[in-house]
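In case you want the letters, here they are:
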Amino acid sequence: MRAAIVCCVLAVSAAAWADLYPYTQNGPIITGVTDTEAWVAWYTMHHQGESSFGNNCYVDALTGTPNDSTPTLVLTPAAGGTSAFTDPTCDRYHKVHLTGLSPNTAYTFTLDKAFETAGPATGALRTAPAPGTSASFSFMVYGDDRDNSIAQTSTRADHEALVAAMRANHPGVAFVAHVGDFALNLPAVSGDDRGYTEFFEVERFWLNAHPLFPTMGNHESIDTTFFDALMSARTFAGAAHPYYYSFDWGQVHLAVIDNYEGPTTLTSGRDPLITDAQIAWLDADLAAASAAGKLIFLVAHQGAFSYGDASSHGGSPDVQLKVVPLMLQYGVRAIFAGHDHYYQRGHEGCIDYLVVGAGGAPMYEPDPSAASVLVAAKKVSYLVVDVADATATGTAYDTTGAVIDQLTFRPASCTPPVLDGGAPADAAAPADAAAPADAPLARDAAVDAARPGADAGSAGVGASSGGCGCRAAPASGGLAAVLALLALLALRRRRR
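Each value, and the rule that gives it
Residues numbered from 1 in each chain as written. Predicted model: local features only at pLDDT ≥ 70, side-chain atom pairs only at ≥ 80, totals over all residues. Heavy atoms only, no water. Helix = DSSP H or I, 4+ residues; strand = E, 2+ residues; numbered from the N terminus. Buried < 20%, exposed > 50% of the residue type's maximum accessible area, 1.4 Å probe, protein only. Contact = heavy atoms within 4.5 Å. Areas by Shrake-Rupley, 256 points an atom, 1.4 Å probe, with all protein chains shown as cover. Pairing = 2+ DSSP bridges. Axes fitted to C-alpha atoms, helices over the stretch in contact; angles between N-to-C directions. Polar contact = N/O pair within 3.5 Å; in protein donor to acceptor, adjacent residues only side chain to side chain. Disulfide = S-S within 2.5 Å.

K.L.:
Could you give an account of the overall build of the protein, naming the residues involved and the relevant values?
P.N.:
Counting its regular elements, the protein contains 11 helices and 20 strands. The buried share of the protein, taken over its 496 residues, is 54%. In the protein, the proportion of contacts linking residues at least 24 apart, taken out of those at least 6 apart, comes to 66%. For the protein, the exposed surface amounts to about 19100 Å²; the carbon and sulfur share of it is 57%.

Given below as structure tokens:
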């Protein structure tokens, strides 16, 4: 019987066997984009790679037919005279390094293997502006779009609604800054693909046309295989510390933090820790960006502050004690983070913090009553940052296209910020006068006045008219004053 089955299998027609030929399943992902280079990575089912001595690859062992198809990407227009970029690796994972690109230039590409059912695997990107130049552009911030299979209750519909809204309403953003937790990534419940196949099914036609700058989330740290192979350009380039990095896009500088440098556990990835080496790198990085006059933002998976219900995680002590002083020293505009699954903006420790972890994971309940919270919404949502000259503004949207929050980003400081109209924050009219009807959790002036410890944040919907609790500290930040402030903030942190 076994011999008969083998004979039947070997007798499968060439046309039928072709159905098992490698096809693109996950990706393509565009990452590591600068003004002159980019990486594109993708994953093929049933392997694909050029056979070589000691590395013989087959479509399937039963056929005995070598798989000698070299994974290839064709770029239009050509870069430095080259249009075909190949990866000879015999594996499911492929990546090519596009070099010789021109600044601020649009490119399209096609992979040699199509999607299984969705036609040719294509993509598009625009490179960053040349160094030292300014440009008007927008970028997107969102994250925590993993599914909820750990509870056997899918949240895919929320993720799909998010991507549909982004594609319909903001197709022209220059790039995506993702705050982490792309997939559940738990071997026991997520299967061999760790949930990444579903992620790419939902985001395939979004991320194939928008460069991705990813953040290491706690779920990524459980098993970094997919993250390393498809998303981390620093890993592609062989960086010793691949998960924290920075990049420039025109006049904007973004530094991406790795919250998880601690020891690896058996079930929950790496423990939260920001090492001294990372802080030393961040100090030098922000100093250079500040000296160059950049608009500086930070991205982390777990940010400095966050306030929600018992299911939420709260802020990171490491970010509060190690990163916030650097934000003050170098005038960082804001920190974007996720980890808690809601939208929240606040001003605490003299910095603006935004929680943008409402990408489709199971929602948590934000706490709009916490002293530093300016706007909070339990809605699947994303943030668009618009940049023009020396100004950056942010708008948060839900999946219906309704505005949740709007603000103008200004450098971190312990001095009272100035609103767009030129009046000091304390003299401003109640901010709710401009609040959209769909922002029910935006705090009003009366509530702010009742909480004198609340900080006065950047101008925007829901901005506090209460006094800044850190104004006693000098604007330039004396070390003792900053440490005292952060110690007080750490003491009043909510229990996680």
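K.L.:
Tell me about the sheet that holds strand 6 (residues 106-111), residues and numbers included.
P.N.:
Backbone-to-backbone hydrogen bonds pair the strands of a sheet. The strands run either parallel or antiparallel. Strand order in the open sheet formed by four strands is 4-3-6-7, and the pairing between neighbours is antiparallel. The open sheet has two edge strands, strand 4 (82-86) and strand 7 (122-126), and neither has a second partner. Taking each pair of neighbouring strands and ignoring which way they run, the sheet shows an average axis angle of 20°. Bridge count for strand 6 against strand 7 is five bridges, and the pairing is antiparallel. Residue pairing across strands places T110 opposite T122, the latter belonging to strand 7.

K.L.:
Give a detailed account of the side chain of T72, specifying residues and quantitative values.
P.N.:
The topology assignment puts T72 in strand 3 (residues 72-79). In this structure the side chain of T72 is engaged in a polar contact, spanning 2.9 Å, whose partner is the backbone oxygen of T70. Setting aside chain neighbours within four positions, we find T72 in contact with W42, A84, F85, T86, T110, L111 and D112.

K.L.:
Would you mind going over the state of the cysteines in detail, with residue names and values included?
P.N.:
Two cysteines joined by a covalent bond between their sulfur atoms form a disulfide. This model, assessed by the stated rule, comprises one disulfide. Each sulfur of the disulfide joining C350 and C414 lies 2.3 Å from the other. The sign of the 100° torsion about the S-S bond sets the C350-C414 disulfide as right-handed. With C350 in the loop between strand 15 (343-348) and strand 16 (351-356) and C414 in the loop between strand 20 (403-408) and helix 10 (445-449), this pair connects stretches of sequence that are 64 residues apart.

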